[in-house]
Amino acid sequence: MDGLETIGRVRVLNSKETGSSVFGLGLEKLDRGLYDPENAYDRIAESGVRWIRIQSGWNRTEREAGLYDFAWLDRIVDQLRRRNLVPWLCLCYGNKIYDPKSAEIFGAVGCPPRTEEQKQAWLRYVRATVEHFKGRIDRYEIWNEPDGVWCWKCGVNGAEYGELLKMSARVIREADPAAKVIGGAICRFDLQWLQEMLKTGAGKAMDLLSYHGYNPDETVTIRVMRAVKALCHMYNPELKFVEGENGAQSRRSRAGALWGAAWTPRRQAKALARMMLLHLMEGVEICSYFSCLDMAEALNGTTEDRKTYRDYAYFGVLAATFTPDGIATGAYTPKPAFRTLQVLASIFQGEYRMQTLPILMDPHFLNGFPQTEPSWRIRRTDDSAREIISQGFVKPGCRYGFVYWVPKEVLTTEYESTITLECCGLTGEIHLVDLLDGTVYALPEEMVETDGSGWYRLKHIPVRDSPLLLAFGDFVEMA
């Protein structure tokens, strides 16, 4: 940043080094063989996240009625666990043995069990899966985006999904009483659909509800999600929440969420930082970014038409190359968003809590009047705090951090201004951290006014449309 001295970079942690964390990555679509995961495992561990969302692949696992081949999934789960990564499993999709129509759909995506025979086969598969992975996986999500017609191709129906959730949850708990049930995986935030689902009693059948927050304006997702939470808590006040997918692409694409927009690698990194931090601030149990690497988008593909294999989406924090058949492969090269994820996962892990800190933004305009400097000067040089999103954090040993950013339109602006703030009682040397790349800056003397009592005025410090962190003392470990 102009005028600031670089004094170091955040020390990024491997997943083997991280403690508890809400941050995760999606390793989805392996049930459809859309990429080779072997070169991805070490890269994923280098991100520092803890949670990995994978899909169970009924269609791939049960190819003969009553015979379950978990070998392909065992390899994935064991590779992740070996690196201190914690897999959680999305149970999906259909199976062509029991539903001939699903044989026409690539991966049997969006073909739920509907007849009694299909439902019983599904429940046998769920039981076999949970029993097989008992002790290795303890969180099971029931289906994916059932409120979207691409994943519930018979026509979305909240009550129908609610009944599937209830019967699946019962079997999961019988097979592993210690397991947690995750329901929803919603993407449309349709309160009518959600109420239909909850009226079946499904709210009491699950421990957590997951949602997918794709939106260039992360504040919209949070506002809508608060309404969803309020409705859910009317049916189950103890319900907790998982952010199962969020993401942005690193270039224009023809497929996937947010397709066609003017995405760039830098915009992807900014969106990742803003999304992940805001969901963290909302208190989710898991916040999972989609996805680990670029891959084909094939939710609406058919087994006969391989065109969808070439409709690529570029959500990955790792860039891939593609075979002529559309399979992602290669060395999986980190994008700027990968570095951003490393920084966030390394800082916000282990023991910490969110806390309102004694920090006052816009101290010049208390009660609407300028306090210490001419109003014309403040208005020319400092931003208003009205739009700023901020949150304080505390780590053991009275180590404090303060995250803040302005949620300007990420696709059309590159925003930077300044802000002045006052703080009291926050001890230690003050550093400014750019959370996009982990650069740590010293604040020059002219920016810091203090009376030696623990009171500071930080004058005209940077504020951006990507998150910055004020670190007091050793809140951040430097490399």
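Summary of the structure given here. (Residues numbered from 1 in each chain as written. Predicted model: local features only at pLDDT ≥ 70, side-chain atom pairs only at ≥ 80, totals over all residues. Heavy atoms only, no water.)

### Considering the side chain of S250
With respect to the helices and strands, the residue S250 is situated in the loop between β8 (240-246) and α8 (265-281). A polar side-chain atom of S250 sits 2.8 Å from a polar atom in the side chain of K335. If we ignore the near neighbours within four places in the chain, the residues touching S250 are W263, T264, P265, Q268, Y314 and K335. (Helix = DSSP H or I, 4+ residues; strand = E, 2+ residues; numbered from the N terminus. Polar contact = N/O pair within 3.5 Å; in protein donor to acceptor, adjacent residues only side chain to side chain. Contact = heavy atoms within 4.5 Å.)

### Describing the pattern of salt bridges
Summed over all chains, the structure comprises 31 salt bridges. The partner of D138 in a salt bridge is R139, and the shortest N-O contact between them spans 2.9 Å. Overall, D138 belongs to the partly exposed group, its relative accessible area being 33%. Its salt-bridge partner being E422, residue R457 comes within 2.8 Å of it at the nearest N-O pair. In this pair, R457 sits in strand β22 (residues 455-464) while E422 sits in strand β18 (residues 416-424), placing the two residues 35 residues apart along the sequence. According to the relative accessible area criterion, R457 is buried, its value standing at 10%. Among the residues examined, E422 registers a relative accessible area of 18% and is labelled buried. Salt bridges sharing common partners tie together E28, R53, E141 and E245. (Salt bridge = Lys/Arg side-chain N within 4 Å of Asp/Glu carboxyl O. Buried < 20%, exposed > 50% of the residue type's maximum accessible area, 1.4 Å probe, protein only.)

### A look at the sheet that holds strand β7 (residues 208-212)
Spatial ordering of the closed barrel is given by β2-β3-β4-β5-β6-β7-β8-β9, a layout of 8 strands whose pairing is parallel. Pairs of neighbouring strands in the sheet enclose a mean axial angle of 25°, with direction left out of account. Pairing of strand β2 (residues 23-26) with strand β9 (residues 286-289), which is carried by 3 bridges, proceeds in the parallel orientation. The partner of F23 across the bridge, within β9, is C287. Its contacts with the sheet place α8 against β2, β7, β8 and β9, and it is angled at close to 165° to β9. (Pairing = 2+ DSSP bridges. Axes fitted to C-alpha atoms, helices over the stretch in contact; angles between N-to-C directions.)

### Some remarks on the pairing of β9
Residues I286 and S288 of β9 are buried on one face, and the alternating residues C287 and Y289, pointing to the opposite face, are buried as well. Looking at chain direction, β8 and β9 are connected through 3 bridges and run parallel. In the strand pairing of β9, E243 is matched with C287. You can see the chain leave β8, run along α8 and come back into β9, and the turn it takes is right-handed. (Right-handed = clockwise from strand over helix to strand, strands pointing away.)

### Things to note about the nonpolar core
Most often, soluble globular proteins have nonpolar side chains that are buried together. The biggest cluster of nonpolar side chains holds 120 residues, and the ones touching the most others in it are F23, L27, Y35, L209, L293 and F348. If we skip the residues at most four places from it in the chain, L27 touches Y35, Y41, I44, I52, R53, I54, I76, L80 and C292. M1, L357, F402 and Y404 belong to the second-largest nonpolar core, a separate cluster that totals 28 residues. (Core = buried A, V, L, I, M, F, W, Y, C linked by side-chain atoms within 4.5 Å.)

### Some details on unusual backbone geometry
For the bond from C92 to Y93, the omega torsion is -15°, close enough to zero to count as cis. Along the chain, the position of Y93 falls in the loop between β4 (86-91) and α4 (116-133). Between F290 and S291 the backbone carries a cis peptide bond, its omega angle lying at 10°. As for its placement among the helices and strands, S291 is situated in the loop between β9 and β10 (295-296). With a phi close to 75°, K29 is a non-glycine residue in the positive phi region. With respect to the element layout, K29 can be found in the loop between β2 and α1 (41-46). The buried category is assigned to K29, whose relative accessible area is 5%. With phi around 60°, Y332 is a residue other than glycine that occupies positive phi space. As for its placement among the helices and strands, Y332 is situated in strand β13 (residues 328-334).

### Side note on the sheet that holds strand β20 (residues 439-442)
Pairing is antiparallel in the open sheet, where 7 strands are placed in the order β1-β20-β19-β23-β17-β16-β14. Only two strands of the sheet have a single neighbouring strand rather than two, namely β1 (5-9) and β14 (353-354). Pairing geometry for β1 and β20, over 4 bridges, is antiparallel. Across the sheet, E5 pairs through a bridge with A442, a residue of β20.

### Thoughts on the layout of surface pockets
Unoccupied space between atoms shows up once a probe the size of one water molecule is rolled over them. In this structure, the largest pocket occupies an estimated 560 Å³ of space. Take the lining of the largest pocket: its biggest share by element is 3 residues, from helix α7 (residues 218-235). Of the residues that constitute the lining of the largest pocket, the class distribution is 13 nonpolar, 8 polar and 8 charged. Taken as a whole, the second largest pocket encloses approximately 310 Å³ of empty space. Surrounding the second largest pocket, 21 residues form its lining, D31, N59, R60, R63 and G107 being those nearest its centre. Looking at the lining of the second largest pocket residue by residue, the class counts come to 8 nonpolar, 7 polar and 6 charged. (1 Å grid on protein atoms, 1.4 Å probe; cavity = no way out; pocket = protein on both sides within 12 Å on 5 of 7 lines; lining within 4 Å. Points joined across faces, edges and corners; volume = space filled by probe spheres on them. Nonpolar A, V, L, I, M, F, W, Y, C, P; charged D, E, K, R; others polar.)

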